[in-house]
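# Chain and residue survey
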Amino acid sequence: MKGGRHVFRWCPHCRTEMARRTEGGELRPVCPSCGFVQYLNPAPGAGVILLREDRVCLVRRKFEPRAGQWSLPTGFMEWDETSGETAVREAREETGLEVELTGLHAVESGILPPDIPVLVVFYRARETGGLLVAGDDAADVGFYRPDEPPGPVAFAAHRLVLARLAEELNRKGTGDHG
Ligand SMILES: [Zn+2]
């Protein structure tokens with residue numbers, strides 16, 4: 001069954017031992033007593049692509065997973081947020097900068113180590129205020145060429161976004177828009 005350690009063994013509502021049933025073409029954990037079905041879904045997050053000329057804002061992670069490695073400023077959506085609100089909040093919390101979103105950049109799926117499937121909405125953003133300072137979740141923050149991050153980049157989805165961004169900026173740099 002999909003979900004590994006995230007599959008409930010005991011119903012979180014009535015504490016009955018969970019069973020299995022095919023629901024909508026998928027074998028899912030179900031509670032034989034109260035009927036609760038555990039739908040396993042990726043966790044959505046959001047973040048920003050914030051540029052200063054040809055450099056992009058990266059933060060060094062303070063916490064696991066991948067503490068000490070670098071990532072774009074991103075985080076999980078809170079229950080009552082839109083993805084755009086998450087992106088603005090995470091930028092503020094991790095970088096100290098106030099930002100305004102200017103468009104959708106990319107949507108990528110990935111695995112947050114060790115085994116949490118995520119979907120991350122990356123927005124383009126521009127600075128509107130604040131001061132660049134590493135926030136509570138960050139050990140460091142700065143602007144770097146996307147193809148020259150100051151250390152290992154933590155997540156495959158972020159590496160992919162940075163690689164594409166580097167190509168995009170290189171094309172602009174050479175005046176070749178083909
Ligand atoms: Zn139950």
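That block above? That's the structure.
So, here's what we can say about the structure. Fair warning: this is a prediction, and the values are worked out from it, not measured in the lab.

## Some details on the coordination of the zinc ion
For the zinc ion, the full set of protein donor atoms is Cys11 (SG), Cys14 (SG), Cys31 (SG) and Cys34 (SG), at a range of 2.3 Å. Here the zinc ion is ringed by four donor atoms whose angles at the metal span 99 to 120 degrees, and the overall shape comes out tetrahedral. Taken in chain order, the donor set of the zinc ion reads C-x2-C-x16-C-x2-C. One end of the pair, cysteine 11, is in the segment before strand 1 (19-23); the other, cysteine 34, is in the loop between strand 2 (26-30) and strand 3 (43-52), with 23 residues separating them in the sequence.

## Observations concerning the environment of glycine 142
Among the secondary structure elements, glycine 142 is positioned in strand 9 (residues 138-144). Separated by 52 residues in sequence, glycine 142 and glutamate 90 place their C-alpha atoms 15 Å apart.

## Remarks on the nonpolar core
A general tendency of soluble globular proteins is for nonpolar side chains to be buried together. Ranked by internal contacts, the top residues of the largest apolar core, which has 18 residues, are Ile49, Val56, Leu58, Leu72, Phe122, Val161 and Leu162. Elements represented by at least two residues in this core include exactly strand 4 (55-61), strand 7 (97-112), strand 8 (116-130) and helix 2 (156-174). Per-element accounting of this core gives the leading share, four residues, to helix 2. Grouped together as the second largest cluster of nonpolar side chains are 16 residues, Leu97, Val99, Val121 and Phe143 included.

## A look at unusual backbone geometry
The omega angle of the peptide bond from glutamate 64 to proline 65 is 0 degrees, so this bond is cis rather than trans. If you trace the backbone, proline 65 turns up in the loop between strand 4 and strand 5 (70-71). Following proline 113, the chain continues to proline 114 via a peptide bond in cis, the omega torsion being 0 degrees. For proline 114, the location among the structural elements is in the loop between strand 7 and strand 8. One non-glycine residue with positive phi stands out, namely arginine 15, at about 70 degrees. Position of arginine 15 among the secondary structure elements: in the segment before strand 1.

## Examining the pairing of strand 2
As judged from the five bridges shared by strand 1 and strand 2, these two strands associate in the antiparallel manner. Considered in strand 2, the bridge of glutamate 23 is made with glutamate 26. Remark: two residues form the turn of the hairpin made by strand 1 and strand 2, two consecutive strands paired antiparallel; glycine 24 in that turn has positive phi of roughly 55 degrees.

## A closer look at the layout of surface pockets
A volume near 440 Å³ is recorded for the largest pocket. Lining the largest pocket are 28 residues, with Arg61, Thr74, Gly75, Leu112 and Phe155 sitting closest to its centre. Of all the secondary-structure elements, those providing two or more residues to the lining of the largest pocket are strand 3, strand 4, strand 6 (74-76), helix 1 (83-95), strand 7, strand 8 and helix 2. For the lining of the largest pocket, the element with the highest residue contribution is strand 3, accounting for four residues. A volume near 360 Å³ is recorded for the second largest pocket. Together, 18 residues line the second largest pocket, and Gly3, Leu40, Asn41, Pro42 and Pro117 are the ones closest to its centre. Residue assignment for the lining of the second largest pocket shows that the elements contributing at least two residues are strand 2, strand 3 and strand 8. Grouping the amino acids of the lining of the second largest pocket by side-chain chemistry returns nine nonpolar, five polar and four charged. For the lining of the second largest pocket, the domains that each give at least three residues are domain 1 (1-40) and domain 2 (43-174).

Rules used in this analysis
- Residues numbered from 1 in each chain as written.
- Predicted model: local features only at pLDDT ≥ 70, side-chain atom pairs only at ≥ 80, totals over all residues.
- Heavy atoms only, no water.
- Donors = N, O, S within 2.8 Å, 3.2 Å for Na, K, Ca; no water.
- Tetrahedral: all angles 85-135°; square planar, octahedral: opposite > 155°, others 65-115°.
- Helix = DSSP H or I, 4+ residues; strand = E, 2+ residues; numbered from the N terminus.
- Core = buried A, V, L, I, M, F, W, Y, C linked by side-chain atoms within 4.5 Å.
- Buried < 20%, exposed > 50% of the residue type's maximum accessible area, 1.4 Å probe, protein only.
- Pairing = 2+ DSSP bridges.
- 1 Å grid on protein atoms, 1.4 Å probe; cavity = no way out; pocket = protein on both sides within 12 Å on 5 of 7 lines; lining within 4 Å.
- Points joined across faces, edges and corners; volume = space filled by probe spheres on them.
- Nonpolar A, V, L, I, M, F, W, Y, C, P; charged D, E, K, R; others polar.
- Domains from an automatic or database assignment.

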